Amino acid sequence: MESSLTCPIRSHLRVDALDLVLEAELTLTYATKDPLAVTLTFPPPAAGRAPTVWVFSRDLLASGLRARTGEGDVVIRPSGRHRVLVTLTSPSGRVQGELERAPVEAFVQEAYALLPAPEESAALGLDNLVTALLAAP
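Remember, predicted model here, so these are calculated numbers, not experimental data.

J.: Explain helix H2 (residues 101-114) to me, please; I cannot follow it from the model alone.
T.: In an α-helix there are 3.6 residues to a turn, and that puts residues three or four apart on one side. Helix length check: H2, at 14 residues, gives a terminal C-alpha distance of 20 Å against a target of 20 Å (1.5 Å per residue), a fit within 8%. Those residues of H2 that sit buried are Arg101, Val104, Phe107, Val108 and Ala111. Mapping the buried residues of H2 onto a view down its axis gives an arc of 130°, with all of them on the same face. In H2, those exposed residues whose orientation departs by more than 90 degrees from the buried face are Ala102, Gln109 and Ala113.

J.: Help me understand the sheet that holds strand S6 (residues 83-90), please; the structure alone is not making it clear to me.
T.: Within a sheet, each strand pairs with its neighbour through backbone hydrogen bonds, oriented either parallel or antiparallel. One open sheet accounts for seven strands, arranged S4-S3-S2-S1-S7-S6-S5; its pairing is antiparallel. Strand pairing shows two members of the sheet lacking a second neighbour, strand S4 (52-57) and strand S5 (74-79), which therefore form its edges. Going across the sheet, the axis of each strand differs from the next one's by a mean of 30°, ignoring polarity. By the bridge criterion, five bridges tie strand S1 (residues 4-15) to strand S7 (residues 93-100) in an arrangement that is antiparallel. Note that in S7 the partner of Ser11 across the bridge is Leu99. Packed on one face of the sheet, H2 meets S1, strand S2 (20-31), strand S3 (37-42), S5, S6 and S7 and runs near 150° to S1.

J.: Is there a simple way to explain the pattern of salt bridges in this structure?
T.: It is possible for side chains bearing opposite charge to pair when their charged atoms get close. Using the criterion set out here, one finds two salt bridges in the structure. The closest approach of N and O atoms between Arg10 and Glu23, which form a salt bridge, is 3.0 Å. Of this pair, Arg10 sits in strand S1 while Glu23 sits in strand S2, placing them 13 residues apart in sequence. Glu105 serves as the salt-bridge partner of Arg101, at 3.0 Å between the closest nitrogen and oxygen. You can see Arg101 and its partner Glu105 sitting in helix H2, four residues apart, about one turn around the helix. Given a relative accessible area of 15%, Arg101 falls into the buried group.

J.: Could you clarify how one ought to interpret the pairing of S1 in this entry?
T.: The two faces of a sheet get side chains in turn, since along a regular strand they alternate between them. Burial along S1 is one-sided: Leu5, Cys7, Ile9, Ser11, Leu13 and Val15 are buried, and none of Ser4, Thr6, Pro8, Arg10, His12 and Arg14, which face the opposite way, are. Where S1 meets S2, 12 bridges bridge the pair, whose relative direction is antiparallel. Looking at the pairing, Leu5 lines up with Tyr30 of S2. Counting the residues in the hairpin turn of S1 and S2 gives four residues, including Asp19, whose phi is positive at 50°.

J.: Can you help me understand the packing of aromatic side chains in this one?
T.: To describe a pair of aromatic rings, one takes the distance between the centres and the angle between the planes. Applying the stated rule across the entire model yields zero aromatic pairs. If you follow Arg58 out to its NZ or CZ, it ends over the ring of Tyr112, 3.8 Å from the centre.

J.: What's the story with the side chain of Thr32 in this structure? I'm lost.
T.: Within the secondary structure layout, Thr32 lies in the loop between S2 and S3. In this structure the side chain of Thr32 is engaged in a polar contact, spanning 2.8 Å, whose partner is the backbone nitrogen of Ser3.

J.: Sorry, what's going on with the environment of Ser3 here?
T.: With respect to the secondary-structure elements, Ser3 resides in the segment before S1. Placed 27 residues apart in sequence, Ser3 and Tyr30 show a C-alpha to C-alpha distance of 8.5 Å. For Ser3, the residues in contact, after removing those within four places along its chain, are Tyr30, Ala31, Thr32 and Leu114.

What counts and what doesn't
Residues numbered from 1 in each chain as written. Predicted model: local features only at pLDDT ≥ 70, side-chain atom pairs only at ≥ 80, totals over all residues. Heavy atoms only, no water. Helix = DSSP H or I, 4+ residues; strand = E, 2+ residues; numbered from the N terminus. Expected span 1.5 Å × (residues − 1). Buried < 20%, exposed > 50% of the residue type's maximum accessible area, 1.4 Å probe, protein only. Arc of directions from axis to C-beta. Pairing = 2+ DSSP bridges. Axes fitted to C-alpha atoms, helices over the stretch in contact; angles between N-to-C directions. Contact = heavy atoms within 4.5 Å. Salt bridge = Lys/Arg side-chain N within 4 Å of Asp/Glu carboxyl O. Phe/Tyr/Trp six-rings, centres within 6.5 Å; stacked < 30°, edge-to-face > 60°. Lys NZ or Arg CZ within 6 Å of the ring centre and 35° of its normal. Polar contact = N/O pair within 3.5 Å; in protein donor to acceptor, adjacent residues only side chain to side chain.

In short, the description is geometric, and any link to function would need to be established separately.
Quick look at the structure:
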């Protein structure tokens with residue numbers, strides 16, 4: 001059975017390209033149908049525009065609560081005892097979100113409670129895929 005989890009989180013955002021700092025409510029989402037990933041959704045920049053969605057590893061988010069994790073487009077690290085910094089880089093610029101640590105930790109714990117790490121490959125159907133590939137002529 002597929003399950004999902006959504007967690008709104010207040011954040012301070014630093015948008016480098018615009019030299020702008022603002023408060024925004026971001027949304028973390030986890031769904032067992034895509035067991036390795038979480039999404040971080042930013043509100044639309046203007047009326048009539050679509051929200052911005054980033055997808056990255058659930059393990060990356062969990063590891064980033066303890067130490068600097070990630071290379072390239074997504075880097076997550078603790079910032080003191082009560083915050084987590086999520087830095088997202090794209091060709092159009094860089095955004096750094098400073099999120100409250102407690103709701104992120106609770107989200108990660110609930111995500112692993114929905115689908116523990118050892119059950120990820122079964123949820124993806126990898127065993128069935130490998131069996132089908134090996135049986136193919």
